[in-house]
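Examination of the molecular architecture
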Amino acid sequence: MRKLAIGIAASGALALTGLVAPTASAATTPNLVFSDVTVNNGKAVTVGTAATVKVPVTYTLTRPSDLTVDYKTTFAGVLLYRGTLSRMANEIDPEAVPTCTTTATTDTTVTESCKEILAIDPAASLYSASDATAWKAAGLYSTIAQDDDDSDGHISLGYDYDAWGPLGSGVQIKRAAKLTADAAPEPVKKGATLTVTGKLTRADWDSGRYTGYVSQKATLQFRAKGASSYTTVKTVTSGTGGVLRTTTKATKDGYYRYTFTGTTTTGSATAAGDYVDVR
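Below, the structure is looked at part by part. Just so it is clear, the model here is predicted, and its values are computed rather than measured.

This part covers unusual backbone geometry. Across the junction of G165 and P166, the peptide omega takes the value 0 degrees, indicating a cis bond. In this fold, P166 is placed in strand β13 (residues 156–175). At the junction of A184 and P185, the peptide bond is cis and its omega measures out at 0 degrees in the coordinates. You can see P185 is positioned in the loop between β15 (182–184) and β16 (193–204). Despite not being glycine, N41 has its phi angle at roughly 55 degrees, a positive value. Overall, the relative accessible area of 63% leaves N41 in the exposed class. Positioned with a positive phi, S215 is a non-glycine residue whose angle comes to about 55 degrees.

Put into structure tokens, the structure is as follows:
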């Protein structure tokens, strides 16, 4: 069983509700071609624990000229999935109607340039660390036939679903990271030892919280008062709970911070600079 990216409310309005659909009949498969699929402008998507991330998708759709996609009883779009097309471990479906502009026509086909938004709500779409991986894109087409007039003692709901994939290069979904920095003591005598602590955490979609990211390299940086850029001081490895701790000599007034470049599963992060008054 798989989720279907289109449902029809009793009023007949479009409502993309994630209905459960059986495998579509091959006899109903239309001749659709999805091409030039680009997700998030080719960049990774970083998701935290609360905010919904809107991901732009562009693609070209070529369909038979006699096939109508009205987004009322028929729907076409692009979804994201991981796993295989026949056994999706997870999927993110479009939740709104794409915007399509006709770019070419022939006697038998219509070609359209389409844009859509995939909304990634971490609470509803991402369930575990396994979701921090490379996702694939697939084109989908679904149809629905609904009779909800029960005056004759009968109602019906029928739908078909077709999907094509993987398409394009897909997209990497990453866990958002957070980073802190605190230099002490403040103020400090020139030449004395400063201890700079911090914490590296990342989104845990299973618990809905940020948890420590251990055994990761973070860079301690310093920016002198009045300067416009930071310079690297040293590299520090996060310990239990993502804790960072190191020492350095206080030489002049300025700001200390940690930076983290990210990994294949986790986004980058930069702590706010902590100002130290050197006397």
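Note on placement: G48 falls in the loop between β6 (45–47) and β7 (53–64). We classify G48 as buried; its relative accessible area is 14%. Sequence separation between G48 and P122 is 74 residues, and the spatial gap between their C-alpha atoms is 6.9 Å. Setting aside residues up to four positions removed in sequence, G48 forms contacts with P122, A176, A203, W205 and Y210.

Before going further, it helps to examine the state of the cysteines. The full count for this structure, using the stated rule, is one disulfide. Note that C100 is cross-linked by a disulfide to C114, the S-S spacing being 2.2 Å. Sign of the S-S torsion, about 115 degrees for the bond between C100 and C114, identifies this disulfide as right-handed. Note that C100 is positioned in strand β10 (residues 99–105) and C114 in strand β11 (residues 109–120), a separation of 14 residues in sequence. By relative accessible area, C100 is classed as partly exposed at 25%.

The rules behind these values
Residues numbered from 1 in each chain as written. Predicted model: local features only at pLDDT ≥ 70, side-chain atom pairs only at ≥ 80, totals over all residues. Heavy atoms only, no water. Helix = DSSP H or I, 4+ residues; strand = E, 2+ residues; numbered from the N terminus. Buried < 20%, exposed > 50% of the residue type's maximum accessible area, 1.4 Å probe, protein only. Contact = heavy atoms within 4.5 Å. Disulfide = S-S within 2.5 Å.

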